[in-house]
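Survey of secondary and tertiary structure
Residue-level listing of the chains:
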Amino acid sequence: GICDVFTNSRGLEGDSFYYMVDPELRYIPEREKDAFPKFQYAEEMLVFLGKSHGKRVETKSIKTVELIPEYDGEDENHIYVFLALYFDAYVYGYLTFVDILDWIISDNMFYKFERSVAKSIILYKRNVQVIELNKRLSELMEKDPLTNVKNRIAYERYVSEMQKKYDRGEIKEFAVAFFDINNLKFVNDTLGHESGDIYIRNCCRLICNSFKHCPIFRIGGDEFVSFISGEDYDNREAILTEMRAAMRNIQKETDRVLEHVSFASGMAEYDSEIDNDFKSVFKRADNLMYKNKAAMKKEYGNSIR
């Protein structure tokens, strides 16, 4: 990158040099070139690299009119060469070299150095853009397109990361909640899959509105999982109770099937005395969910499938 330009220059830049950049340079990867000011310096510059008499310059930024960081005007006379740095028409900084007579004698030494730095900026822009595109692609790959919550791929990655934290003893308290939508096959078979999608989104919305501060994963057609920590963990029992009450209220308020929500739920907390690994908490939450589904079938009869 940019530092390689100085490393590979074999010290030709001398014991004193300064590399100043416009703070706006950080936005190069995300902006079009026309979004930057043309042919003018910013009022303030960041000291990207600097060396004075062989020692690293500690100053982080200076007013551009000062030209050189940490210069007090008391030093002996020197020859300073200022080299403007461009990205198309945008002047994003300048280089200052001190007493490099060999470069002054050479016709194209400054040009070669400026081109090397410019290439580094272009590579920086491209690399950051690629990283951002990969990040967005990863987010798309880990999002369920129907509900916009995280999908099975994200779930597997999250479980793997949490297991590593568990193994290192970094996790002290958390809970897992499982949710299984009731009657989805019945809705799909009688009203069609488009109606089934609406029904899934309705159920997911109630889960997300209940556990607002926790990641929600859709791990199957009718199955959701939430990892509960922080504020929601402190209020987990109340949240679960309120969610189940809200589900019953929705069912009472309307006769329209597509406005209903119905799902079984089970939640288990990590217990260091009975949980030997991270996945054992999942198993207990899953078992509690099936117990809740059995209780709902007993209460509502054939209306729960």
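Throughout what follows, the structure given in this document is the object of discussion. (Residues numbered from 1 in each chain as written. Predicted model: local features only at pLDDT ≥ 70, side-chain atom pairs only at ≥ 80, totals over all residues. Heavy atoms only, no water.)

As for the overall build of the protein chain
As a reminder, the rule being used: Each helix is a run of DSSP H or I of at least 4 residues and each strand a run of E of at least 2, with the numbering of both proceeding from the N terminus. A radius of gyration in this sense is built from C-alpha atoms; the matching globule rule multiplies 2.2 Å by the number of residues raised to 0.38. The buried label goes to any residue with under 20% of its type's maximum accessible area, the exposed label to any with over 50%, and the partly exposed label to all in between, with areas taken from a 1.4 Å probe on protein chains only. In what follows, residue pairs with any heavy atoms lying within 4.5 Å of each other are defined as contacts.
Summing up its helical and strand segments, the protein chain has 9 helices and 10 strands in all. For 305 residues, the compact-globule estimate of 2.2 N^0.38 gives 19 Å, and the C-alpha radius of gyration of the protein chain, at 31 Å, exceeds that figure by more than 25%. Along the three orthogonal principal directions, the C-alpha set of the protein chain runs to about 95 × 45 × 30 Å. Buried positions account for 41% of the 305 residues belonging to the protein chain. Sequence-distant contacts in the protein chain: of pairs separated by 6 or more residues, those separated by 24 or more amount to 62%.

Structural notes on the sheet that holds strand S9 (residues 223-228)
What counts is decided by this rule: One requirement defines pairing of two strands: DSSP has to find at least two bridges between them. Lines fitted to C-alpha atoms define the axes, with helix axes restricted to the stretch in contact, and inter-axis angles between N-to-C directions lie between 0 and 180 degrees.
Reading across the sheet, the 4 strands line up as S8-S9-S7-S10 and stay open at both edges, with antiparallel pairing between neighbours. Of all strands in the sheet, those with a lone pairing partner are strand S8 (216-218) and strand S10 (263-269), marking the two edges. For this sheet the average axis-to-axis angle between neighbouring strands, irrespective of direction, equals 15 degrees. Sitting on the sheet, helix H6 (residues 193-210) is in contact with strand S7 (175-181), S8, S9 and S10, with an inclination near 155 degrees to S7. Across the sheet, helix H8 (residues 236-253) lies against S7, S9 and S10, angled at about 175 degrees from S10, the strand it touches most.

Comments concerning the packing of aromatic side chains
Put simply, the test is: When the centres of two rings from Phe, Tyr and Trp lie within 6.5 Å, Trp using its six-membered ring, the rings pair. Their planes under 30 degrees apart give stacked, over 60 give edge-to-face, and anything left gives tilted. Ring-over charges, as used throughout, are those where CZ of Arg or NZ of Lys falls within 6 Å of the ring centre and within 35 degrees of the ring normal.
Applying the stated rule across the entire model yields 15 aromatic pairs. Centroid distance Tyr19 to Phe48: 5.2 Å. Interplanar angle 70 degrees. Geometry classified as edge-to-face. Placement of Tyr19 in strand S1 (residues 17-21) and of Phe48 in strand S2 (residues 44-52) is noted, with a sequence separation of 29 residues between them. Assessed through its relative accessible area of 0%, Tyr19 is described here as buried. Taking 4.6 Å as the distance between ring centres and 45 degrees as the angle between the ring planes, the aromatic pair formed by Tyr158 and Phe227 counts as tilted. Highlighted residues: Tyr158 in helix H4 (residues 152-167) and Phe227 in strand S9, separated in sequence by 69 residues. Overall, the relative accessible area of 22% leaves Tyr158 in the partly exposed class. Taken together through their ring pairs, the aromatic side chains of Tyr155, Tyr158, Phe217, Phe227 and Phe282 make up a single cluster. Over the aromatic face of Tyr233 sits the side chain of Arg236, whose NZ or CZ is 4.0 Å from the ring centroid.

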